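Each chain is listed here by its residues.
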There are 4 protein chains.
Amino acid sequence: MDKANIDKRAAALIALFASAPIKATTGMELSYEDGRAIFEMPYNPGFDHAVGGIHGGAICTLLDNAGWFTAALQYDVWIATVDLNVKILEPASQEGLRAEGRLLRSGKRLAMAEMELRSASDGRLVATGSGTFAVTSISRQAKR
Amino acid sequence: MDKANIDKRAAALIALFASAPIKATTGMELSYEDGRAIFEMPYNPGFDHAVGGIHGGAICTLLDNAGWFTAALQYDVWIATVDLNVKILEPASQEGLRAEGRLLRSGKRLAMAEMELRSASDGRLVATGSGTFAVTSISRQAKR
Amino acid sequence: MDKANIDKRAAALIALFASAPIKATTGMELSYEDGRAIFEMPYNPGFDHAVGGIHGGAICTLLDNAGWFTAALQYDVWIATVDLNVKILEPASQEGLRAEGRLLRSGKRLAMAEMELRSASDGRLVATGSGTFAVTSISRQAKR
Amino acid sequence: MDKANIDKRAAALIALFASAPIKATTGMELSYEDGRAIFEMPYNPGFDHAVGGIHGGAICTLLDNAGWFTAALQYDVWIATVDLNVKILEPASQEGLRAEGRLLRSGKRLAMAEMELRSASDGRLVATGSGTFAVTSISRQAKR
C-alpha cells in the first residue's frame, strides 16, 4: 500500500480511537511511527492496584491496543483480538507507560503482532506481549 | 490450611481489593466460592471500544484478577503476575461479565491458575485464560 | 453433526495420524473419547533432555496434537496451529504421558481447544495448554 | 559476567546438549552468537506430520531450546521451562529450520526470553515464541 493511503488510514484509526469511551476512561494517546502504533498512558492513579502499583490490567490494555492498532493499519475492516499473551517483567508504579507494536504477519484472515511496553520516565522494559487478530468482514465505523 | 484460616484470608483479600483504586474505576466485585475467586463487572460503558463492544482490556483485567486472587488465597504474601494468556472466543457488548479462577498449582515460588469469563446475562463463554504468578517476600498490606 | 459421522471422522483422523512420520518417531497413540482426542506416549528415552527428564518439546508435541485432533474432529479440512500456549507445572521423567483435548470453540474460521497432560503412571497433572487453529480450505488427505 | 566465563559456560552448555538423547533423535545443533542460543535442525522427515509438513512439535522443541539455552547462559544451575508461548506464522516443509533466542530478563528466580524461528533455506519467519524459566537450585550436571 502506498504511503498516502497508510497515512490516511492511520489518521482514521487515530480518529476511531479518539471516539472510544476507553480512551476517555484511561487517558491513553495513540500515534503512529513507521507503521507501529504507539500508546502512551500518563500515570493515572485510578488504575493502581491495592498495594500502589499499576494494575496488570492497564498493562494488558496498552499491549492489546498497541498490537491491535498496528495490525489494523493493514486492513480497512474490523479485526478482533483472538489471542493475547503478556509477560510482565517488572512492576511499574506512579509513572507513565508507553507501548509499541510491531507487525509480524498480515494475512487475508489472520494478523499477528508483538508488542513491548516501557516506562515513559526511564525507558526500562516493563512488559512484552504478542497478539493474534482475526480479520472480519465488519466495517470499523465508530458507533455514535 | 484449615477452613477458618482460608475464610480469614478470603476476607482479607476482599478487603484488599475493596481498597484498590481500580475497583472504583471499573466497578468490579470480588467474592470467593470454594477457593475460586469470582469477579463480576456490571456493564460499564466507560470500557467500551470505539465500535461499541467491551474492550479486550477489561476482559484481560477480569481474567488477571480472577487468577491472581485465586492464587493469592494460598499465600500470605504479595504475588506478582508473570505470564497472562488470554483467548477471546466471542465479542461481548452491553452486558455484565463474570470471571472465575481455578488453581492449577501453588508451589513455594510459583503459582498457576486458569480462568474463564462468561456473560453475566446469558452465561456464554466469552474468554478463557491462564496465569503464572511469582510468590514474593513482600507483604500485601494495602497502601493507605 | 450426528454420531455416525463423528465416528467416521474420528476413524479417518486416527488413520491420518497412523500415517504420520512423527507417530513412528515418537511412539504416540491417538484415540477419541466423547469427542476428545487422547494422546498417549509410552516412555521413550530418545526424548529425554540431558539431565534425564522428558524434554519440554515432547510435552508440547503431545499438547499440540491433543488440541489439534480435538478441533479437527469438527472439520473435514486441514486446520493449522496458529497459537500454542503451554504451562509446565512439574517435571516428568521415565514415565508414560497422556494428553487430552477439550474443545472451546469451533467457528467457521477459527477453532480453539484447551489441553491437559498427565503422567500415565500416577495421574498427576504435568502440563496444561491451549491452542488456536485456523480452518483452511486445504484437504487433509495424507501424503503418500 | 566477564567474557571468559560466558565462553566457558557456553562450552559447557554445548557439551550438555551434545549428551542429550533428544539431540540424537532430532539432529538439532546448538551454537552461541553474542549470548544468543542458535538451534539448527536440518530437515528430518521423521518429524513430518501426515500431510507432509514439519510438525508443530518440532517447531516448539526448537523454540523451547533456543529460549532455554539463551536463559541458561546466565546461570550455573538448572532452569525449568514454566511457560512457553508459540505463534506459527507459516507452514514449513522439507527445509532446515533455525531458531534463535534473545534474553528479556534474568532475575534471581525467573528468566524470560523471546525466540524466533526461520527457514534455513530462505530465511522467512516461520514462528515466534516466548518462554519463562524458573531458576532452580539443582545442578545441571548431565546424567550419565
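Reference entry: report on the structure contained in this document. Since we're looking at a predicted model, the values are computed, not measured. (Residues numbered from 1 in each chain as written. Chains lettered and ligands numbered in written order. Predicted model: local features only at pLDDT ≥ 70, side-chain atom pairs only at ≥ 80, totals over all residues. Heavy atoms only, no water.)

### A closer look at the overall build of chain A
Each helix and strand counted, chain A has three helices and six strands in total. Mapped from its N terminus to its C terminus, chain A presents α and β elements in the order α-α-β-β-α-β-β-β-β. In terms of C-alpha radius of gyration, chain A reaches 15 Å, essentially the compact-globule figure of 15 Å for 144 residues. With the C-alpha coordinates aligned to their principal axes, the bounding extent of chain A is approximately 45 × 30 × 25 Å. Within chain A, the fraction of its 144 residues that count as buried is 59%. Taking contacts inside chain A between residues at least 6 apart in sequence as the whole, the part at least 24 apart equals 62%. For chain A, the computed accessible surface area is about 5,600 Å², with 51% contributed by carbon and sulfur atoms. Side chains of chain A carry 16 positive and 16 negative charges; the gap between the two charge centres is 9 Å. (Helix = DSSP H or I, 4+ residues; strand = E, 2+ residues; numbered from the N terminus. Rg over C-alpha atoms; globule rule 2.2 N^0.38 Å. Buried < 20%, exposed > 50% of the residue type's maximum accessible area, 1.4 Å probe, protein only. Contact = heavy atoms within 4.5 Å. Areas by Shrake-Rupley, 256 points an atom, 1.4 Å probe, with all protein chains shown as cover. Lys, Arg positive; Asp, Glu negative; His and termini not counted. Charge placed at Lys NZ, Arg CZ, Asp CG, Glu CD.)

### Examining the sheet that holds strand β3 (residues 77–88) of chain B
Spatially, twelve strands are ordered β1(A)-β2(A)-β4(A)-β5(A)-β6(A)-β3(A)-β3(B)-β6(B)-β5(B)-β4(B)-β2(B)-β1(B) in an open sheet, and the strand pairing comes out antiparallel. The open sheet is flanked by β1 (29–33) of chain A together with β1 (29–33) of chain B, the only strands paired with a single partner. Strand-to-strand twist across the sheet, computed as the mean angle between neighbouring axes with direction ignored, equals 25 degrees. Of the strand pairs in this sheet, β3(B) and strand β6 (residues 125–139) of chain B are connected by ten bridges, and their pairing is antiparallel. Note on β6(B): the bridge partner recorded for Val77(B) is Ser139(B). The strands touched by helix α1 (residues 3–18) of chain A are β1 and β2 (36–41) of chain A; relative to β1(A), the strand with the most contacts, the crossing angle is about 170 degrees. (Pairing = 2+ DSSP bridges. Axes fitted to C-alpha atoms, helices over the stretch in contact; angles between N-to-C directions.)

### Digging into the relation of the copies chain B and chain A
At an RMSD of 0.0 Å, chain B and chain A line up after a rotation of 180 degrees and a shift of 0.0 Å along the axis. Expressed as a symmetry operation, the mapping of one chain copy onto the other fits a two-fold axis. In terms of C-alpha distance to the rotation axis, chain B has Asn85(B) as its closest residue, with the C-alpha 2.2 Å off the axis. When the interface residues of chain B are mapped onto chain A, 100% of them again fall at the interface, so both copies present the same face. (Least-squares fit on C-alpha atoms with pLDDT ≥ 70 in both.)

### Considerations on the interface of chain B and chain D
Taken together, the ten residues of chain B in the interface contact ten residues of chain D. Between chain B and chain D the total buried area reaches about 780 Å² when both faces are included, carbon and sulfur atoms providing 45% of it. Looking at the side of chain B facing chain D, the largest losses of area belong to Asp83(B), Arg109(B) and Leu110(B), adding up to 52% of the total buried there. Run the count over chain B and chain D and you get zero salt bridges. Where chain B touches chain D, the interface holds five residue pairs in polar contact (both at pLDDT 80 or more). Of all the elements in the fold, those that place two or more residues in the side of chain B that touches chain D are β3, β5 (110–119) and β6 of chain B. Among the residues making up the side of chain B that touches chain D, the classes are represented as five nonpolar, two polar and three charged. (Buried area = accessible area lost by both parts, 1.4 Å probe. Salt bridge = Lys/Arg side-chain N within 4 Å of Asp/Glu carboxyl O. Polar contact = N/O pair within 3.5 Å; in protein donor to acceptor, adjacent residues only side chain to side chain. Nonpolar A, V, L, I, M, F, W, Y, C, P; charged D, E, K, R; others polar.)

### Section: unusual backbone geometry
Positive phi, close to 50 degrees, is recorded for Gln94(A), a residue that is not glycine. Inspection of the secondary structure assignment puts Gln94(A) in the loop between β3 (77–88) and β4 (97–106). On the basis of relative accessibility, which here comes to 48%, the residue Gln94(A) falls in the partly exposed class. A positive phi angle, near 50 degrees, is found at Asp34(C), a position not held by glycine. Mapped onto the secondary structure, Asp34(C) falls in the loop between β1 (29–33) and β2 (36–41). Residue classification places Asp34(C) among the exposed positions, given a relative accessible area of 81%.

### Quick word on the interface of chain B and chain A
In many reports, interface size means the accessible area that the parts give up when they come together. Facing 35 residues of chain B, the contacting portion of chain A comprises 35 residues. Each partner contributes to the roughly 2,900 Å² buried at the junction of chain B and chain A, and carbon and sulfur atoms together form 58% of this total. On inspection of chain B and its partner chain A, the count reaches two salt bridges. Lys87(A) is the partner of Asp83(B) in a salt bridge, and the nearest nitrogen-oxygen pair spans 2.8 Å. Secondary structure elements with two or more residues in the side of chain B that touches chain A: α2 (21–26), α3 (56–72) and β3 of chain B. Sorting elements by how many residues they give to the side of chain B that touches chain A places β3(B) first, with nine residues. When grouped by side-chain class, the residues that make up the side of chain B that touches chain A number 15 nonpolar, 14 polar and six charged. Strand direction decides the pairing type here: β3(A) and β3(B), joined by five bridges, are antiparallel. Considered in β3(B), the bridge of Lys87(A) is made with Asp83(B).

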